[in-house]
Amino acid sequence: MRTHGDVTIEPLYADFHIHTVYSADSVIQPKTLVDKLVAHSFIKVAAVTDHDSVRGCKATVELAAAYPDILVIPGVEVSTTEGDVVVLGTYELPPKPWTPEAVVDFARLIGGVSIVAHPFRTYGMGERARKYKVDAIEVLNGGSSQDANDEAKDFAKNLGLPGTAGSDAHQVSELFSVYNKVDAAMDIDSVLKAVKNGAVSAQASRGSIHF
Ligand SMILES: [Zn+2]
């Protein structure tokens, strides 16, 4: 708990990397994700980051509007020429070609956040991410091995960048396997600013994944 002016704000808990059926390899329906957020005891924020598509986040944000105590952050996981980059805070795809520079610049221009997804796994950018002005590194990915996540954590520390968590769920059972504790208010801008400022910490749900 912390205070902001004279208002006390509780930290919020968020999963920043989720695929819906608008990703060819996911079976999670937007409605199911919304229902899971509504039902969850403390994770009330989720970013929808489909592969190269913003259709899923648009659909999920629309459904979530009926529930004031949950927040869906629109986003996309862009297959850049050097590896996957998650952009949070967009309803639009970046203009092509999807080079890392262009995608990172796009995120900055729209007031979004660029995150290097699972840097040390397949489709990850690895050490090449050093070359780009990304906002954060995904240090805890629900689909990565512990070694790959540990390496990402060291990498973020080395670069002095915030580290984020994302379940990378493609199935309902994978939702919220890892999550972020964020010192922010329940609105998109506040959450994005908190990530950029490093007011975020990656956490694993006990029992679902080992760290
Ligand atoms: Zn993903």
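All values derive from a computational prediction rather than experimental measurement.

Observations concerning the overall build of the chain
In step 1: The helix and strand inventory of the chain stands at five helices and 11 strands.
In step 2: In terms of overall size, the chain behaves like a compact globule, its C-alpha atoms giving a radius of gyration of 16 Å where 211 residues would be expected to give roughly 17 Å.
In step 3: If one aligns the C-alpha atoms of the chain with their principal axes, the spans along those axes are about 40 × 35 × 35 Å.
In step 4: Across the 211 residues in the chain, those meeting the buried criterion constitute 50%.
In step 5: In the chain, the share of contacts with a sequence separation of at least 24, taken over all contacts with a separation of at least 6, comes to 61%.

Remarks on the pairing of strand E6 (residues 83-88)
In step 1: Burial analysis of E6 places six of its six residues in the buried class, which makes it a mostly covered element.
In step 2: Pairing between strand E5 (residues 71-80) and E6: six bridges, direction antiparallel. When the sheet's bridge partners are listed, Glu77 is paired in E6 with Val86.
In step 3: The turn linking E5 back onto E6 is made up of two residues.

Description of unusual backbone geometry
In step 1: Note the cis peptide between Lys96 and Pro97, where omega equals 5°.
In step 2: Of note, the phi angle at His118 is positive, near 25°, even though the residue is not glycine.
In step 3: We classify His118 as buried; it has 29 C-beta atoms within 10 Å.
In step 4: Non-glycine residue Phe176 carries a positive phi angle of around 65°.
In step 5: Here Phe176 shows up in the loop between strand E9 (163-166) and strand E10 (178-182).
In step 6: Classification of Phe176 by C-beta neighbours within 10 Å gives buried; the count is 22.

Quick word on the sheet that holds E6
Backbone-to-backbone hydrogen bonds pair the strands of a sheet. The strands run either parallel or antiparallel.
In step 1: Pairing is mixed across the open sheet formed by nine strands, whose spatial order is E9-E8-E7-E6-E5-E4-E3-E10-E11. In this open sheet, the two edge strands, each paired with only one partner strand, are E9 and strand E11 (200-204). The average undirected angle you get between the axes of adjacent strands in this sheet is 35°.
In step 2: Of the strand pairs in this sheet, strand E3 (residues 12-18) and strand E4 (residues 43-51) are connected by four bridges, and their pairing is parallel. Its bridge partner lying in E4, Ile18 is registered against Val48.
In step 3: Each of E4 and E5 is contacted by helix H2 (residues 55-64), which is oriented at about 175° to E5, the strand it contacts most.

Criteria and thresholds
Residues numbered from 1 in each chain as written. Predicted model: local features only at pLDDT ≥ 70, side-chain atom pairs only at ≥ 80, totals over all residues. Helix = DSSP H or I, 4+ residues; strand = E, 2+ residues; numbered from the N terminus. Rg over C-alpha atoms; globule rule 2.2 N^0.38 Å. Buried ≥ 20, exposed ≤ 12 C-beta atoms within 10 Å, placed from the backbone. Contact = placed C-beta atoms within 7 Å. Pairing = 2+ DSSP bridges. Axes fitted to C-alpha atoms, helices over the stretch in contact; angles between N-to-C directions.

These values are about where atoms sit, not about what they do.
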